[in-house]
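One letter stands for each residue in the lines below.
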Amino acid sequence: MLPSSAMCNCLLSVAELYRADQAAVQCGVSSRELMENAGAAVSRAIFENWSPRRTLVLCGPGNNGGDGYVIARHLAAAGWPVQVAALGQAGKLPPDAAWHAGLWEGDVQPLGEADPAEADIVVDALFGAGLSRPLEGEVANLVLRVNRLDRPVVCVDVPSGIAGDSGQAVGSVAVRGSLTVTFFRKKPAHLLFPGRGHCGKVRLADIGIPEKVLERFAPRLWENGPELWLENWPWRQPEDHKYHAGHTLLLGGEAMTGAVRLAARGTLRIGSGLVSIAAPRGAGLVYRSDSPSLIVRDCDDTQELRGLLEAGRFTAAAAGPGLGMTPQSRQQIEVLLETGWPLVLDADALTSFSEEPRGLFDLCSSRVVLTPHDGEFRRLFADPGGSRVARARQAAETSGAVVLLKGPDTVVAAPDGRAVVNGNAPAELATAGSGDVLTGMIAGLLAQGMPAFQAAAAAIWVHAEAAQSVGSGLISEDIPFRIPQVLNLLRNRNRKLTNSQRFEEEC
Ligand SMILES: NC(=O)C1=CN([C@@H]2O[C@H](COP(=O)(O)OP(=O)(O)OC[C@H]3O[C@@H](n4cnc5c(N)ncnc54)[C@H](OP(=O)(O)O)[C@@H]3O)[C@@H](O)[C@H]2O)[C@@H](O)CC1
Ligand SMILES: [K+]
């Protein structure tokens, strides 16, 4: 179960957003008022970011265009020079948009006559998140011209041309914004690439939809953040000893020893009380000389591994980084899976099953976390296509495991359909070894008793936050060193937010 405060972070699909709008109307907030509030919120964001300057508002034929007329009115009332250009005839606008278009007292030029080069800011109120057809003809041409100009572009709800649910461009043309103002709750496109790259900064505005309308939904998708897992964080208690904080076993390989050594640093720093590496004798010295905090056990075959597992009192394990792909390593993974323990499988552990993924899935459970990047994902799962959320969900259902699909917009999905999209990863994380550290961190949280979905979501967030604190020049070894700083901030936040009243105010 996720805490009720997680409602703050839920992402709504386009269909859910339309239902929320309707529910708000049933609660007594008129749709005209919602449109007024939406346009006013975008205007406020513009006032906060720019001083008065020539503004071109591009209005589409639907309610997104309706927001555009409201924005134009607010900017003009504040003394801004505003030009409106519209697609289609005013007489064909839907009722709320027509009402607000009627309140606009300035000129409206046909879209084909608009010249974005004569504006200092462009407002994109062409299409909303439910776009179903590619931009074509004069709209596509205008969007291409706007994109080529070095001007701030403010997108209303979503950049036109981007599908709200998938974050994919519907055709080959989509607006590239500097700022996107969206309403009530973010949509997946604000977090999933390429949509996220088109949004610029994303700002969420309250437009008067009552929070209680969410009671009619059972959200299954969230933007990742501490609200989803902080309550379950395994903070050390004064009376704890190291065995209370779990014992993680990492399977080490013979040649690529750096991968598990990086993973082990992540496991230790995230709080696992004990960390052991089961290593081939030939590589034992390398592992033993790495960190005095590690326990290194000799392990050359499955029989020795079974012996270790029986004696070790481990609470979670991880395998894959630097493991190699021999028949022996695959058998060792099967032995780990047969224990039924919480387990993370990454890299070679996944690829060793690419010829026969069923052999892996049959042994998985919801206590197992699979952490493929896109290439590993394609090798393991018959790719159903669709958005990254849809693909990760499908993979979690097929495998019965929690699937963490790595990327700049990492998605974590559980077999029961819950999913999160991570939004705090810096570009610097695209560096060798960062995935190994992540594997170790997830395993360390599993070892301390965190449920698999939350452990994966928490680890990817802390990992990204630690990387952000380094910024340019990041190498993977830096990430474990920065974990304590992130954990201390989280712990202080947790202390401050024990009062749920306060938490609700922050939402
Ligand atoms: N109460 C509310 O609901 C609130 C809504 N709000 C605002 O409403 C927005 C959603 O509005 P919306 O549903 O009217 O969608 P939107 O994209 O503006 O227009 C659809 C029209 O475009 C047309 N069309 C589509 N593709 C096309 C193409 N390629 N080329 C040409 N035409 C194309 C399409 O035609 P059709 O497909 O039907 O033939 C239809 O006529 C939302 O994003 C938010 O900004 C806020 O004010 C808050 C309150
Ligand atoms: K738009």
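The shown structure was predicted, so the numbers you read here are calculated from the model rather than taken from an experiment.

Draft legend 1. Region of interest: the pattern of salt bridges. What the rule picks out here adds up to 23 salt bridges. The partner of Glu36 in a salt bridge is Arg73, with the nearest N and O atoms 2.7 Å apart. With Glu36 in helix α2 (residues 31-49) and Arg73 in helix α3 (residues 63-77), this residue pair connects regions lying 37 residues apart in the sequence. The salt bridge involving Arg54 is made with Asp120; its shortest N-O contact spans 3.1 Å. Of the two residues, Arg54 is situated in the loop between α2 and β1 (55-59) and Asp120 in the loop between β3 (108-110) and β4 (121-125); the sequence distance between them amounts to 66 residues. Looking at Asp120, the relative accessible area reads 26%, which means it is partly exposed.

Draft legend 2. Focus on the nonpolar core. By size, the foremost hydrophobic cluster in this structure holds 103 residues, and its most contacted members are Ile46, Trp229, Trp233, Ile442 and Val462. Top contributing element to this core by residue count: helix α16 (residues 452-470), with 13 residues. Mapping this core onto the domain boundaries places at least three of its residues in each of domain 1 (9-219) and domain 2 (226-506). Not counting chain neighbours up to four residues away, the residues in contact with Val462 comprise Trp229, Trp233, Ile270, Met441, Ile483, Val486, Leu487 and Leu490. Core analysis: the next-biggest nonpolar cluster, separate from the first, contains 44 residues, Ala278, Cys299, Leu345 and Ala419 among them.

Draft legend 3. Expanded view of the domain arrangement of the protein. Here the protein is partitioned into domain 1 (9-219) and domain 2 (226-506). Here the C-alpha centroids of domain 1 and domain 2 sit 40 Å apart. With both sides pooled, the region where domain 1 packs onto domain 2 buries about 740 Å², and carbon together with sulfur makes up 63% of that total. Summed over the three residues of domain 1 that lose the most area to domain 2, namely Asn9, Leu192 and Arg196, the buried surface amounts to 54% of that side. For the interface between domain 1 and domain 2, the tally reads zero salt bridges.

What counts and how
- Residues numbered from 1 in each chain as written.
- Chains lettered and ligands numbered in written order.
- Predicted model: local features only at pLDDT ≥ 70, side-chain atom pairs only at ≥ 80, totals over all residues.
- Heavy atoms only, no water.
- Salt bridge = Lys/Arg side-chain N within 4 Å of Asp/Glu carboxyl O.
- Helix = DSSP H or I, 4+ residues; strand = E, 2+ residues; numbered from the N terminus.
- Buried < 20%, exposed > 50% of the residue type's maximum accessible area, 1.4 Å probe, protein only.
- Core = buried A, V, L, I, M, F, W, Y, C linked by side-chain atoms within 4.5 Å.
- Domains from an automatic or database assignment.
- Contact = heavy atoms within 4.5 Å.
- Buried area = accessible area lost by both parts, 1.4 Å probe.

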